[in-house]
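# Structural features, examined
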Amino acid sequence: MSKRIDVENLDVYYGDFLAVEGVSMAIEPRSVTALIGPSGCGKSTFLRTLNRMHEVIPGARVEGRAVMDGQDLYAPEVDPVQVRRQVGMVFQRPNPFPTMSIADNVLAGVRLNNKRISKGDAADTVERSLRGANLWNEVKDRLDKPGSSLSGGQQQRLCIARAIAVEPQVLLMDEPCSALDPISTLAIEDLMSELKNDYTIVIVTHNMQQAARVSDRTAFFNIAGTGQPGKLIEMADTPTMFSSPSVPATEDYISGRFG
Amino acid sequence: MPVATAPASSALTLTGNRLPRWAPWASVAGSALVAWGVLVLTGEHTATTVAALTALLHAVALTSVSRYVEGPRRATDRLATTLVTVAFLLALVPLVSLLWTVVSRGAVLFSGTFLTTDMVGVFGDMTSGGVAHAIVGTLMVTLTATLISVPIGLLTAIYLVEYGRGPLAKGITFFVDVMTGIPSIVAGLFAFALFTLLMGPAYRSGLMGAVALAVLMTPVVIRSVEEMLRLVPNELREASYALGVPKWLTILKVVLRTSVAGIVTGVMLAIARVIGETAPLLITVGMITRTNWDVFEGRMATLPVFAYSQYQQGGVGVDRAWAAALTLILIVMLLNLVARGISRAFRPKTGR
Ligand SMILES: Nc1ncnc2c1ncn2[C@@H]1O[C@H](COP(=O)(O)OP(=O)(O)O)[C@@H](O)[C@H]1O
Ligand SMILES: [Mg+2]
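The following paragraphs examine the structure supplied in this document. (Residues numbered from 1 in each chain as written. Chains lettered and ligands numbered in written order. Predicted model: local features only at pLDDT ≥ 70, side-chain atom pairs only at ≥ 80, totals over all residues. Heavy atoms only, no water.)

## Structural notes on the overall build of chain A
For the record, the criterion: Secondary structure elements are taken from DSSP: a helix is a run of H or I of four residues or more, a strand is a run of E of two residues or more, and numbering for both begins at the N terminus. Restricting the calculation to C-alpha atoms gives the radius of gyration, and the globule rule supplies 2.2 Å times the number of residues raised to the power 0.38. Think of it in three bands: residues with accessible area under 20% of the maximum for their type are buried, residues over 50% are exposed, and the middle band is partly exposed, with areas taken using a 1.4 Å probe on protein chains only. The contact criterion used is simple: two residues touch if any of their non-hydrogen atoms lie within 4.5 Å.
Within chain A one finds eleven helices and ten strands. Taken over the C-alpha trace, chain A has a radius of gyration of 18 Å; the compact-globule value for 259 residues is 18 Å, and the two agree within 12%. Taken along its principal axes, the extent of the C-alpha atoms in chain A is 55 × 45 × 30 Å. Across the 259 residues in chain A, those meeting the buried criterion constitute 56%. A separation of at least 24 residues holds for 66% of the contacts in chain A among residues at least 6 apart in sequence.

## A look at helix H7 (residues 184-199) of chain B
All names here are of chain B. Spelled out, the test is: Given a helix with a known number of residues, its expected span is that number minus one, times 1.5 Å. The reported arc concerns the directions from the helix axis to the C-beta atoms and nothing else.
When the terminal C-alpha atoms of H7 are compared, their 22 Å separation across 16 residues agrees well with the 22 Å that a helix rising 1.5 Å per residue should span. Ser184, Ala187, Gly188, Ala191 and Phe195 are the residues of H7 that are buried. Take H7 and look down its axis: the buried residues cluster within an arc of 100°, on one side only. Those residues of H7 that are buried are in contact with helix H8 (206-231) and helix H11 (279-284). Just beyond H7, the residue with positive phi is Gly200, at close to 95°.

## Some points on the site of ligand 1
All names here are of chain A. Under the convention used in this document: The rule for a residue being near a molecule or strand is that one of its heavy atoms must lie within 4 Å of it. By the criterion applied in these results, polar contacts are pairs of N or O atoms within 3.5 Å in which, for protein atoms, one can donate a hydrogen and the other can accept it, and in which residues neighboring in sequence qualify only through two side-chain atoms. Only the protein chains shown count as cover for residues, with accessible areas throughout obtained via the Shrake-Rupley method and a probe of 1.4 Å. Residues are sorted three ways: Asp, Glu, Lys and Arg are charged, Ala, Val, Leu, Ile, Met, Phe, Trp, Tyr, Cys and Pro are nonpolar, and all the rest, Gly among them, are polar.
Tyr14, Phe17, Ala19, Ser39, Gly40, Cys41, Gly42, Lys43, Ser44, Thr45 and Ile57 make up every residue found near ligand 1. In this structure, a nitrogen atom belonging to ligand 1 sits 3.3 Å away from a side-chain N or O atom of Tyr14. Taking Thr45, its side chain carries an N or O atom lying 2.4 Å from an oxygen atom of ligand 1. When ligand 1 sits alone it has 560 Å² of accessible area, and the protein chains cover 62% of it. Here the element with the most residues in the shell around ligand 1 is helix H1 (residues 43-49); it accounts for three residues. Of the residues contributing to the shell around ligand 1, the split by class is five nonpolar, five polar and one charged.

## Overview of the packing of aromatic side chains
Note the following rule: Centres within 6.5 Å make a pair out of two Phe, Tyr or Trp rings, where for Trp the six-membered ring is used; the pair is then stacked when the planes are under 30 degrees apart, edge-to-face when over 60, and tilted otherwise. Counting as a charge over the ring demands two things of the Lys NZ or Arg CZ atom: a distance within 6 Å of the ring centre and an angle within 35 degrees of the ring normal.
Summed over all chains, the structure comprises five aromatic pairs over all chains. Judged by centre distance (5.5 Å) and plane angle (40°), the rings of A:Phe46 and A:Phe221 are tilted. Taken together, the residues A:Phe46 in helix H1 and A:Phe221 in strand S9 (residues 217-223) connect sequence positions 175 residues apart. Residue classification places A:Phe46 among the buried positions, given a relative accessible area of 0%. Relative accessible area serves as the criterion here: at 0%, A:Phe221 is assigned to the buried category. With a centroid separation of 6.4 Å and 50° between ring planes, the pair formed by B:Phe110 and B:Phe114 is classed as tilted. B:Phe114 sits in the buried class, given a relative accessible area of 2%. The ring of A:Phe97 is capped by A:Arg162, whose NZ or CZ atom sits 4.7 Å from the centre of that ring.

Written out as structure tokens, the structure is:
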């Protein structure tokens, strides 16, 4: 239930502005890949190209290839809606649907797509996804309450439950903990190490310790200056990156000397 | 007596002198008394002059006392509070007096029978008869206008917010702004000319009036729905896209669903805008004495036109006109209550 993605020479543009240039990397299945780097270096931009979410921004486009298990995601016959069903996403700010109950939020991928689902299957999906997101015990008694009645950390786990309810192959997370307190952050980090048994996970984080704790591989992005494109500086196994990075800029960033 | 201290020496104190809570009220009462006394002596005491002089004296008295006791910052605050309150009361005067006039004059003829009878066989000074036919007409014409303008307005707003880029969207926005300012009589003449072309000069129907009202209503609907759709956070659209939901379903089930409450309110405002229109209905649907349920054929009575024509007749007609006006206000209030109920039922849930 998890796939690898090979990115080759990817450029991302917003209109005429080249935001990310020449990224090539391999994202391994059943592992956590962390993207780190200073603000504005294009981590979110790059992440969104992996499920073609950049296309909802007018003028955004890519050049290059991103191949998921042999299928080029940007091939002309590929439907972005189908890509997003296989590559789920969790955003920086928790964004449960305010008009839906907790249970309906989990089932949103099914309900919004007008798919019929039996009551029993729906209950199973809700329980499985909420258990998967470590939220079941906290909300099992109030599944029909609005999703916005939860705390920030719970809302973020609800969003994770919503993402895994549609059983994607890959899960992208853009700074999922940056709006959360340390305890909720810990809960989500634990969750990631469980989820990587089933999913390919890519996470953007500003927190070095978090990258070191949860990820198997780390990619460092950097930017030469404002208006310049962001670039992938280096990528390696996380322990290697944090103990002996091969590029001096990486070491400076990781040790907190800039950024 | 402690005097307001200079800023330099009060730098370390967190307390200051304050006027007691009843001070503004005392000031109002005192000012009213003085104003009344002065004006009685000069022989110019009307409600208006007393109120105006009271306001003036109160503003001066409270501000200067406050300046002396509390210091300049609080005094300015008190002056601003007084000005805001006076402005609010001034704005309230026409509203209350209008409501009072309509209710008191409308009550003369207003009754259950007035609401349930039409004007068939009512002549001269007879005080019988009522507005049943005009209520039906107003509701039918407004409903038809709503049925025409809401789909057009909703779809246009969706286009502008979710799809529109470039010159076409800009052009539409420009024309919507222009349409918002169309005088209602122009809309009436437009509908009249249109139906004369299509159906011949003798054709009259509720539909004709509905088209005229729809011309006035559509830009209001577009504007308010557009505002509401723009309020839906982009994050919700992205959350939906990220689940593999296509754009049209996202619009239908997330964007529209999140903003229904506001859309209903906006449509209500648009209805309230047109339900009292007289001129376009006068030249399109005209007036008749019995109830006509068929919007596609024949003249129709409507409340505003009914009020207008009865008022012109004079005599008991004037009372009928006021009672019809009261009926119209009650209908608008009722519709507002219904709309509130609907938007309450649909609005995003918060809290535990
Ligand atoms: N919607 C957008 N339109 C135009 N430029 C954008 C947009 N989003 C981001 N950018 C630009 O792309 C660059 C990378 O931004 P981003 O991917 O958000 O960086 P990061 O997530 O690493 O902080 C920045 O220069 C930013 O200004
Ligand atoms: Mg970012």
